[in-house]
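Summary of the model geometry
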Amino acid sequence: MAVQQPNVMDVNTLYDLSSTVIINYFDLYEKELRSLPENILFDLYYKLHQEKRICILGWELIDLNVFARMLKVTHKRTQLLQCFQSLMDHGTKISRELSTAYADKCMCSQMCPSLLESTIDLGLRLGAFLSDAGWFEDSEAVLTHCRDLCLCVPETPSSLRRTLECYHKLFHVQAAYCLFPEAAQTYQDVNKLIQTLRKMNELPNLAALYKEFSLHFFLRSEYDSAHKWSVEALKELVPGLPATVVIDVLRQLSKTCVVKRQFKKADILIRQAVRMANEVYDSSHPKLADALLDYGFFLLNFDCINHCVKVIQRAVEIKKATYRRKNIYVASALEDLAYALYVFEYSTGRFKRAREFAEDAINILEELLPLNHLMLSTAKRVKALILEEIALDMQNNVLVECLLPDAEELHITALELSIQALGDNNVQTAKHYGNLGRLYQSMKKYKEAEEMHLKAIAIKEEMLGRDDYEVGLSLGHLASLYSYHTEQFEKAEELYLRSIEIGLKLFGDTYSGLEYDYRGLVHVYGKMGDVEKAAHFSYVLNQWKVLREQLSMQESHIVLDETGPLQPLPEIIDFFLKD
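Residues numbered from 1 in each chain as written. Predicted model: local features only at pLDDT ≥ 70, side-chain atom pairs only at ≥ 80, totals over all residues. Heavy atoms only, no water.

The name an unreviewed UniProt entry assigns to the protein chain is Amyloid protein-binding protein 2, from the organism Megalurothrips usitatus.

1. Overview of the overall build of the protein chain
Counting its regular elements, the protein chain contains 28 helices and 0 strands. In terms of C-alpha radius of gyration, the protein chain reaches 27 Å, essentially the compact-globule figure of 25 Å for 579 residues. Dimensions along the principal axes, computed over C-alpha positions, put the protein chain at roughly 90 × 85 × 50 Å. Taking all 579 residues of the protein chain together, 52% fall into the buried category. Counting contacts in the protein chain only where the partners sit at least 6 residues apart, residues at least 24 apart contribute 67% of the total. Summed over its atoms, the accessible surface of the protein chain is roughly 27200 Å², and 53% of this surface lies on carbon and sulfur atoms. Side chains of the protein chain give 64 positive and 80 negative charges; the mean places of these two sets differ by 1 Å. (Helix = DSSP H or I, 4+ residues; strand = E, 2+ residues; numbered from the N terminus. Rg over C-alpha atoms; globule rule 2.2 N^0.38 Å. Buried < 20%, exposed > 50% of the residue type's maximum accessible area, 1.4 Å probe, protein only. Contact = heavy atoms within 4.5 Å. Areas by Shrake-Rupley, 256 points an atom, 1.4 Å probe, with all protein chains shown as cover. Lys, Arg positive; Asp, Glu negative; His and termini not counted. Charge placed at Lys NZ, Arg CZ, Asp CG, Glu CD.)

2. Regarding unusual backbone geometry
One can expect most non-glycine residues to show negative phi and most peptide bonds to be in trans. One non-glycine residue, Cys178, adopts positive backbone phi at about 60°. Relative to the elements of secondary structure, Cys178 occurs in the loop between α10 (157–176) and α11 (180–199). In this structure, Glu487 is a non-glycine residue whose phi angle is positive, near 55°. Among the structural elements, Glu487 can be located in the loop between α24 (469–484) and α25 (489–507). Here Glu487 falls in the exposed class, since its relative accessible area comes to 56%.

3. Focus on the side chain of Glu408
With respect to the secondary-structure elements, Glu408 resides in helix α21 (residues 397–422). Glu408 sits in the buried class, given a relative accessible area of 15%. Contact partners of Glu408, with chain neighbours within four places excluded, come to Leu436, Leu439, Tyr440, Met443 and Lys445.

4. Brief notes about the UniProt feature "repeat: TPR" (unreviewed entry) in the protein chain
When the UniProt feature table is mapped to this numbering, "repeat: TPR" (unreviewed entry) covers residues 430–463. Between the end C-alpha atoms of residues 430–463 the distance is 10 Å, and the span holds 91% helix and 0% strand. (UniProt positions renumbered as here; feature names shortened; annotations may be inferred.)

5. Remarks on the pattern of salt bridges
This structure, assessed with the given rule, holds 41 salt bridges. The partner of Lys235 in a salt bridge is Glu232, and the shortest N-O contact between them spans 3.4 Å. Of this pair, Lys235 and Glu232 both sit in helix α13 (residues 223–235), separated by 3 residues, roughly a single helical turn. Residue Lys235 is classed as partly exposed on the basis of its relative accessible area, which comes to 47%. Close ionic contact of Arg438 with Glu389 constitutes a salt bridge, the shortest N to O distance being 3.4 Å. Pair noted here: Arg438 is in helix α22 (residues 427–442) and Glu389 is in helix α20 (residues 375–393), with a separation of 49 residues, a long-range link. (Salt bridge = Lys/Arg side-chain N within 4 Å of Asp/Glu carboxyl O.)

So this is what it looks like as C-alpha cells:
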C-alpha cells in the first residue's frame, strides 16, 4: 500500500508568500512598510520588480530618502541595478530625479551645517551607484555637488580623506564619460590634495586612484602615461585591500601591457583578475563581465580570436541580464562583440551578426548620448569597417554603391569626433585616418587613400614608435595600395617587408596578419618579374598556412582556464617588477 506524501510547499517559502500578499495590497500598507528594516523593504521592492509592477516601484524609489536606504543594502547591488534599469526603460527618469533631489538637498545642507556630513555620505554612495548603473551625466552632477560640499567642511585629516574619495569617484565618471577637460582639472585638484595629505602623513592607499589615472590616459590613447600609472597602482597593492580593488588594478595593468605589446605579462595579469573575479562575484555579476571583456581585449590582440569571441559573448550575456538593453554598458559590450566577430569572420565574409551587433550598439548610444559624443566614434568605426567588407564581397553594384558611401560617412563622422575630443595628433585619430585610407582604396580614390595612410603612419610612428603593431598595420595597408592599385612596386616591397618584420617580432610566425603581407609580396615580385623571390614567398605563405592550421587545431582543444588556482599576489608583483 502506497504511503501518501504530506503536502510540502516546495517552491514558495512563508517569507515569499507573505511578500506576495503584501505587494498585492501595497497601497494599503505603504506608509507602514517604510518603517521596515532596509533588507526586508528591499526584498519587497525587488518583488515588485519581478512581478513588473513598475509604476509602484518607481513611485517608491524615486523618493531620495527611500533610495538612500536601499543603497545601504550593499550585498544586493546587482538586484538594485536591475530595478533601476527597469525603471529607466519604462520611462521613469529616476536617474535625473534623484540627481535633482540631491542638488536640492545640498542647498539645504549648506544652510544647515548639521546636515553636511550625512549629505556628503549620501552623495558618495548615490554618485557611485549612478556610475555603476551607467548614467554618467547624472552621476557627475551628484559628485560635483558632493565635492563642493566637501570643500565647505573645515579641513581635518578625516575630511580631506573623504574629499579625496569624492575626487576619486568624480574623476572616474569624468574619464569614463569622456569629459576630458573636466577630468584634467580634477586630476590637478587630486594631485594637490595628495600632496597635502602626504605632508600630514595621512595619505590612504592609492591603488584604486592610480588605476583611475591609468584609465583616464588609456582612454585618451596616451599609453605611456597609462602604463606608468597602472604600474604605480600595482606597487600600492598590499594585504587587506578589497578584492575588487586588486581585480581592477590587475585588469587595467593588463590592458596597458597589451598596448605596450608585453603579452606574457598581460596574460598572467588578466588570468589572475578573471580567476579572482570568479571567486569574488557570482556568475551574473557585472564586475565579472568587466573582467571578461578585458580578457577578450587581450585575446583579440594576442590573435586568439576564436576564444575572444566566446569570452565576449559571455560578458554580453551578463551585461544584458543586469542592464537589459538601453544602457551604455550594454552598448559598449555589443560594440566589442561586433568587432571581435568582424575579425573572426574576416576570411569568410559572413558579417551578418557583426553588423547587427554594431548597429544595435549605435542605436543604443544615439538614444542615450549627444550626437557629437566621442563614444559614438568607435561604434561607427566598427560598423563602417563591416559595411566596407560586405560591399567588397558583393557582386550587386547597386548595393555596393550604397554601402561604400554609408561607410565613408560613418568614418568621417568618427574622425571628426576623435579630432574634436582628442586632437589630430592621437592614436585613435590616426586609426580613423587609416580606416578612411582603406575605404578610399575600395572606392578607387587612390590619391585620397595615400594621403590618409601617410597621415596615419606619421601619427602612429610619432606616438608609438616605428616598430609598433599599429604602425605595422598601416604599413601593410599602404603597401596594398601601392601594390594592387598604383603599381609602385618598389615602395610596396619596402613597406611589406617592414610590416612582416614587425608582425614576426611581436607575434611570431603564426600571426594572422602575415597572410596579407605574404600575398602582397608574391604579387609584387610577380609584377616585378622576380621569379625567385615570388617563389620564395609563395613557399613561405604555404608554410604559414600549415602553421595556422596546426594552431587552429590546438586552439580547438583548449579549455579556457578561468577558474584555476590563484597565484599569490606578491609573486605576481615580483614577476612584473623584476624586469
